[in-house]
Amino acid sequence: MKYKSNGKILLTSEYLVLDGALALALPSKLSQNLEVKYTENKNEINWISYDFNGEIWFSECFVLSKDKFSYKNKKNKYSDKLISIFNGIEKLNEGVFSNLGAEFTTRLEFSKNWGLGSSSTLINNLSLWAKIDPYDLLDLTFKGSGYDIACCNKINPITYVKNKNGRIIKDVDFNPSFKENLFFIYLGHKQDTSEAIENYRSMSNDIDNIIQKINSINLSIMKSNTLNEFEKLIVAHEEIISKTINIEPIKKRLFSDYQSGVIKSLGAWGGDFMLVTGNKSSMSYFSNKGYNEIIPYKDLVY
């Protein structure tokens, strides 16, 4: 049995998506795959995870005894997290692990450090296998808004809204004519999303007013026809998020002398990818500073 889930990029409304802002999210061409093979070793799960280079980065043998999971290797955070996911799956589909003998193999098409959704794609794949709602499993494990789960089974850009009435997910026609001028650059260290969310939650803001402004910008971004118009909207978006989370925009902090375009932080500010406008030659500014993982928009997004 094989399953596949696409990674994601949250283009707008970072942090505010948690409080009901309209967010523009882009499913990525890169995915995570899960293969499940059943074995004769009852109550035992052999787990193998391959990175995007095809090398094993994690392996473990989990044993189910008296309705409790344990593992055979030394204690580590990955094994503990998988057990918490197993417990969540069992809570949502009681008995799914009873007498199960299986080998679970995951394969990433992107670096697990990139923040493209190694956790959300895992949650979605396991939910497909267990026949449960991935949003319910997310709530029991990693938390978050769920926009990343929404991207897992999509190839079109989407808008995503989560409010007290549920989730509103819509395919949208966001295919900028200037996408050859858009690049994603990895900043070099994966951010702790849970920590970033906790920091955001600790702040006092007029969220309703901020969301209203961000939603207006988002609608304009989706309709932007020129690079210049898009860049102005991106700068306005950065300024609002910066004031909301009390973090200086990445361009002001690290790249203030970049003159060929604008820069937008993505996800949990400061660690994963940033969106940069410019052209191929202007990307040398970043490679000269040691930022060598530069991906053209069209290579990462459908």
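Residues numbered from 1 in each chain as written. Predicted model: local features only at pLDDT ≥ 70, side-chain atom pairs only at ≥ 80, totals over all residues. Heavy atoms only, no water.

I would appreciate a short explanation of the packing of aromatic side chains in the present structure.
The way to describe two aromatic rings as a pair is by their centre distance and the angle between their planes. Under the counting rule described, the total for this entry stands at 24 aromatic pairs. A ring pair is formed by Phe 62 and Tyr 71, whose centres lie 6.2 Å apart and whose planes are at 70°; its orientation type is edge-to-face. Exposure class is identical for Phe 62 and Tyr 71. Each is buried. A ring pair is formed by Phe 97 and Trp 129, whose centres lie 5.7 Å apart and whose planes are at 45°; its orientation type is tilted. Of this pair, Phe 97 sits in the loop between helix H1 (77–92) and strand E6 (101–108) while Trp 129 sits in helix H2 (residues 118–130), placing them 32 residues apart in sequence. For Phe 97, a relative accessible area of 2% gives the class buried. Members of the aromatic cluster, each reached through a chain of ring pairs, are Trp 47, Phe 62, Phe 69, Tyr 71, Phe 86, Phe 97, Phe 104 and Trp 129. Between Lys 81 and the ring centre of Phe 142, over which it is positioned, the NZ or CZ distance is 4.4 Å. (Phe/Tyr/Trp six-rings, centres within 6.5 Å; stacked < 30°, edge-to-face > 60°. Buried < 20%, exposed > 50% of the residue type's maximum accessible area, 1.4 Å probe, protein only. Helix = DSSP H or I, 4+ residues; strand = E, 2+ residues; numbered from the N terminus. Lys NZ or Arg CZ within 6 Å of the ring centre and 35° of its normal.)

Mind showing me how you'd approach helix H7 (residues 227–245) here?
In an α-helix there are 3.6 residues to a turn, and that puts residues three or four apart on one side. Given a rise of 1.5 Å per residue, 19 residues ought to cover 27 Å, and the 27 Å separating the end C-alpha atoms of H7 matches this to within 8%. Turning to H7, its buried residues are Phe 230, Glu 231, Leu 233, Ile 234, His 237, Glu 238, Ile 240, Ile 241, Ser 242, Thr 244 and Ile 245. After H7 finishes, the residue Asn 246 shows a positive phi value of roughly 60°. (Expected span 1.5 Å × (residues − 1).)

Honestly, the pairing of strand E11 (residues 273–277) in this entry has me stumped. Any pointers?
The side chains of a regular strand alternate, residue by residue, between the two faces of the sheet. Burial analysis of E11 places five of its five residues in the buried class, which makes it a mostly covered element. Burial along E11 is two-sided: the face carrying Phe 273, Leu 275 and Thr 277 and the face carrying Met 274 and Val 276 are both buried. When strand E10 (residues 263–265) meets E11, the two strands line up antiparallel, connected through three bridges. If you follow Ile 263 over to E11, its bridge partner there is Val 276. (Pairing = 2+ DSSP bridges.)

I would appreciate a short explanation of the sheet that holds strand E9 (residues 182–186) in the present structure.
Sheets are built from strands that pair by backbone hydrogen bonding, the pairs being arranged parallel or antiparallel. The strand order E10-E11-E9-E12 describes an open sheet built from four strands, whose pairing is antiparallel. Sheet topology places E10 and strand E12 (294–296) at the edges, where each strand pairs with a single neighbour. The sheet shows a mean angle of 25° between the axes of neighbouring strands, direction not considered. As judged from the three bridges shared by E9 and E12, these two strands associate in the antiparallel manner. Looking at E12, one finds that Phe 183 is bridged to Pro 296. (Axes fitted to C-alpha atoms, helices over the stretch in contact; angles between N-to-C directions.)

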